[in-house]
Amino acid sequence: MSPFGQRLRNLRNRQNVTQKDLAKKFKISESAIGMYERGEREPSFELVRSLADFFDVSTDYLLGRTDDPSPNNSSKV
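Residues numbered from 1 in each chain as written. Predicted model: local features only at pLDDT ≥ 70, side-chain atom pairs only at ≥ 80, totals over all residues. Heavy atoms only, no water.

Colleague: Help me out: how do you make sense of the overall build of the protein chain in this one?
Modeller: Helices and strands together make up the secondary structure of the protein chain, namely 5 helices and 0 strands. Against the 2.2 N^0.38 benchmark of 11 Å for 77 residues, the protein chain shows a C-alpha radius of gyration of 12 Å, consistent with a compact globule. Out of the 77 residues in the protein chain, the part that is buried amounts to 32%. The long-range fraction of contacts in the protein chain, counting pairs at least 24 apart against all pairs at least 6 apart in sequence, stands at 51%. Summing over all exposed atoms, the protein chain offers an accessible surface of approximately 5300 Å²; the carbon and sulfur share of this is 44%. Across the protein chain, the mean location of the 13 positive side-chain charges is 4 Å away from that of the 11 negative side-chain charges. (Helix = DSSP H or I, 4+ residues; strand = E, 2+ residues; numbered from the N terminus. Rg over C-alpha atoms; globule rule 2.2 N^0.38 Å. Buried < 20%, exposed > 50% of the residue type's maximum accessible area, 1.4 Å probe, protein only. Contact = heavy atoms within 4.5 Å. Areas by Shrake-Rupley, 256 points an atom, 1.4 Å probe, with all protein chains shown as cover. Lys, Arg positive; Asp, Glu negative; His and termini not counted. Charge placed at Lys NZ, Arg CZ, Asp CG, Glu CD.)

Colleague: Got a minute to help me understand the pattern of salt bridges in this structure?
Modeller: Pairs can form between side chains of opposite charge once their charged atoms are near each other. Taken as a whole, this structure holds 5 salt bridges when the rule is applied. The salt bridge partner of Arg-9 is Glu-37, with a shortest N-O separation of 3.0 Å. Residue Arg-9 is located in helix H1 (residues 3-14), and its partner Glu-37 is located in helix H3 (residues 30-38); the two are separated by 28 residues in the primary sequence. For the salt bridge of Glu-37 with Arg-12, the shortest nitrogen-to-oxygen distance reads 2.6 Å. Highlighted residues: Glu-37 in helix H3 and Arg-12 in helix H1, separated in sequence by 25 residues. When its relative accessible area of 7% is taken as the criterion, Arg-12 is described as buried. One network of salt bridges, with partners in common, ties together Arg-9, Arg-12 and Glu-37. (Salt bridge = Lys/Arg side-chain N within 4 Å of Asp/Glu carboxyl O.)

Colleague: Teacher, can you tell me more about the packing of aromatic side chains here?
Modeller: Centre-to-centre distance and the angle between the planes together describe a pair of aromatic rings. Under the criterion given, the structure shown has 2 aromatic pairs. Centre to centre, the rings of Phe-26 and Phe-54 are 5.6 Å apart; their planes meet at 80°, and the pair counts as edge-to-face. In this pair, Phe-26 is assigned in helix H2 (residues 19-26) and Phe-54 in helix H4 (residues 45-55), connecting sequence segments 28 residues apart. Using a relative accessible area of 30% as the deciding quantity, one classes Phe-54 as partly exposed. A connected cluster of aromatic rings, assembled from ring pairs, spans Phe-26, Phe-54 and Phe-55. (Phe/Tyr/Trp six-rings, centres within 6.5 Å; stacked < 30°, edge-to-face > 60°.)

Colleague: How should I be thinking about the side chain of Ser-58 in this particular structure?
Modeller: By the element assignment, Ser-58 lies in the loop between H4 and helix H5 (59-62). A relative accessible area of 13% means that Ser-58 is categorised as buried. Setting aside anything within four residues of it in sequence, one finds Ser-58 in contact with Ala-52, Thr-66, Asp-68, Pro-69, Ser-70 and Pro-71.

Here's what the structure looks like:
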């Protein structure tokens with residue numbers, strides 16, 4: 001499982017959101033959510049940003065680039 005897929009699944013489960021509910025929220029198929037979680041498919045940049053906003057985490061956290069989920073600790077270059 002990819003870092004993205006594992007973190008997506010963990011965040012979804014922590015908030016008691018089903019794959020079906022998440023799919024409905026983002027207007028994608030339930031199977032797409034499952035494929036993202038298993039690392040069989042990669043989401044668009046737009047979807048990664050939307051998921052990060054929905055779960056209130058940084059995109060870097062979702063993508064496995066940092067272990068800090070806080071969306072407010074992004075450094076500016």
